[in-house]
Amino acid sequence: MEVENRFITIKASIDGFPQLSDFEVKTETLSLSFGVGNKQVVLVKNLYVSIDPYQLNRMKSQSSSQTVLSFASPIIPGEAIDTYGVGRVVESDKPDFQKGDLVVGLLSWGEYTIVKEGTILNKLDPMGLPLPHHVGTLGVSGLTAYGGFFEVCKPKKGETVFVSAASGSVGCLVGQYAKLFGCYVVGCAGSQKKVDFLKEELGFDDAFNYKEETDLKSALKRYFPGGIDIYFDNVGGEMLEAAVANMNTFGRVAVCGVISEYTGNGKRAAPNMLDVLYKSITIQGFLVRNYMKLYTDFFSTTMEHLQTGKMKAPTDISWGLESVPSAFIGLFLGDNVGKKIVQIADE
Ligand SMILES: NC(=O)c1ccc[n+]([C@@H]2O[C@H](COP(=O)([O-])OP(=O)(O)OC[C@H]3O[C@@H](n4cnc5c(N)ncnc54)[C@H](OP(=O)(O)O)[C@@H]3O)[C@@H](O)[C@H]2O)c1
């Protein structure tokens, strides 16, 4: 069987802030016969695909991230861009996948994906939850939040937790795990609407709009008069410096992401190392793949929280393949609330 596949690609490497003109839609013909030599491949029709900030680091002509991990390998201009997503099997050479099966795994920013042997692909039982939940909250974003918060931050009940990009995909889950665990949680986000959402919908103890603060160090002093025990960092830059200045002794900083530094326009964080030294602060970067061993525990805990209504799974969905570039650029403009996903086709 052959299908015409329209997919999104970059025209050339992107080394600054991404623009719509950096992207184009291309068409190719896909067929399972192309898998000869790569036996046991599955042709998937993509339904929902994940939109993630780290892809920008893959689009650069050079980035330290590209040399560390296979999934962060450089994106070649003109070629399909792989991403996490949910789809439906169209044809399979693999006995454990049948036509019509729902699947979750590494798909692409396109209408179809040929998933080769060795690539992450699992059958999906939605367990009564909407399919987009399996892309974000029960997928990579969720495991990142869970592993980063419980394993890197090592929380204790009653501790104070600060989360940046708190209304985003990872941040909004970190804040909810922290509240359920018994911490005092403050988030920052880029608009009053997001701040209201964090406090009124997600149960954060407090939140503020960082874009309205002229002095981030004093702002954090105001929100944490007794200091910060845990900082879950999604943004880097000046916010990391301000958080370190407000950390308590033996404070922990989980460096999940530094989105303010991805576009090349932002300030590189230079936290005061005397604070780090004299307050015995731990600053630890981590990657979700370090915590794959927690997947079963993460999935059952999070599923239960969602089913009992203790947790929410904010999701921000755009429609259609053509919206992928604007959805992606929107991450760096703060357009999204919750997990950014593009729906490629009807379920
Ligand atoms: N370590 C890992 O394995 C791992 C896995 C997944 C994600 N991550 C990282 O985690 C972070 C969050 O990812 P996500 O998928 O959950 O994205 P997201 O938070 O859903 O979306 C990005 C958000 O970042 C904020 N932002 C954008 N530019 C900013 C800037 N210059 N300064 C401050 N905030 C900015 C925006 O919200 P505002 O309106 O608040 O500005 C935007 O909505 C990213 O840094 C990402 O790379 C790491």
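Residues take numbers from 1 onward in each chain, read along the sequence in its written order. Restriction of local features to residues with pLDDT of at least 70 applies here, the model being predicted, together with a cutoff of 80 or more for giving and counting side-chain atom pairs; totals for whole chains, interfaces and linings are based on all residues.

Any residue qualifies as near a molecule or strand once its backbone-derived C-beta atom lies within 6 Å of it. Near the ligand, the surroundings consist of 31 residues, among which Gly168, Ser169, Gly190, Gly257 and Gly334 are the closest. Looking at the shell around the ligand, the elements with two or more residues in it are helix H4 (140-152) and helix H5 (169-181). When the residues that make up the shell around the ligand are grouped by side-chain class, the tally is 14 nonpolar, 14 polar and 3 charged. No fewer than three residues from each of domain 1 (2-136 + 313-343) and domain 2 (140-289) sit in the shell around the ligand. Secondary structure elements follow DSSP: runs of H or I of four or more residues count as helices, runs of E of two or more count as strands, with numbering from the N terminus. Think of it as three bins: nonpolar holds Ala, Val, Leu, Ile, Met, Phe, Trp, Tyr, Cys and Pro, charged holds Asp, Glu, Lys and Arg, and polar takes everything else, Gly as well. For the purposes of this description, domain bounds are those given by an automatic or database domain assignment.

When its domains are assigned, the protein resolves into domain 1 (2-136 + 313-343) and domain 2 (140-289). The centre of domain 1, based on its C-alpha atoms, is set 29 Å off from the matching centre of domain 2. What counts as a contact is two residues whose backbone-derived C-beta atoms lie within 7 Å of each other. Facing the 17 residues of domain 1 at the interface are 17 residues of domain 2. Listing elements by their share of the side of domain 1 that touches domain 2, those giving two or more residues are helix H1 (55-59) and strand E15 (339-343). A per-class count over the side of domain 1 that touches domain 2 returns 7 nonpolar, 7 polar and 3 charged.

Now for the sheet that holds strand E10 (residues 206-209). Being paired, for any two strands, means DSSP has found at least two bridges between them. One open sheet accounts for 6 strands, arranged E10-E9-E8-E11-E12-E13; its pairing is parallel. Only two strands of the sheet have a single partner each, and these edge strands are E10 and strand E13 (282-285). Neighbour-to-neighbour, the strand axes of the sheet open up by a mean angle of 15°, direction not taken into account. Across 4 bridges, the pairing between strand E12 (residues 247-255) and E13 is parallel. If you follow valine 255 over to E13, its bridge partner there is glycine 285. Axis angles are defined between N-to-C directions and span 0 to 180 degrees, where every axis is a line fitted to C-alpha atoms and, for a helix, only to the segment in contact. Strand contacts of helix H6 (residues 192-200): strand E9 (184-189) and E10, with the helix running at about 175° to E10, the strand carrying the most contacts.

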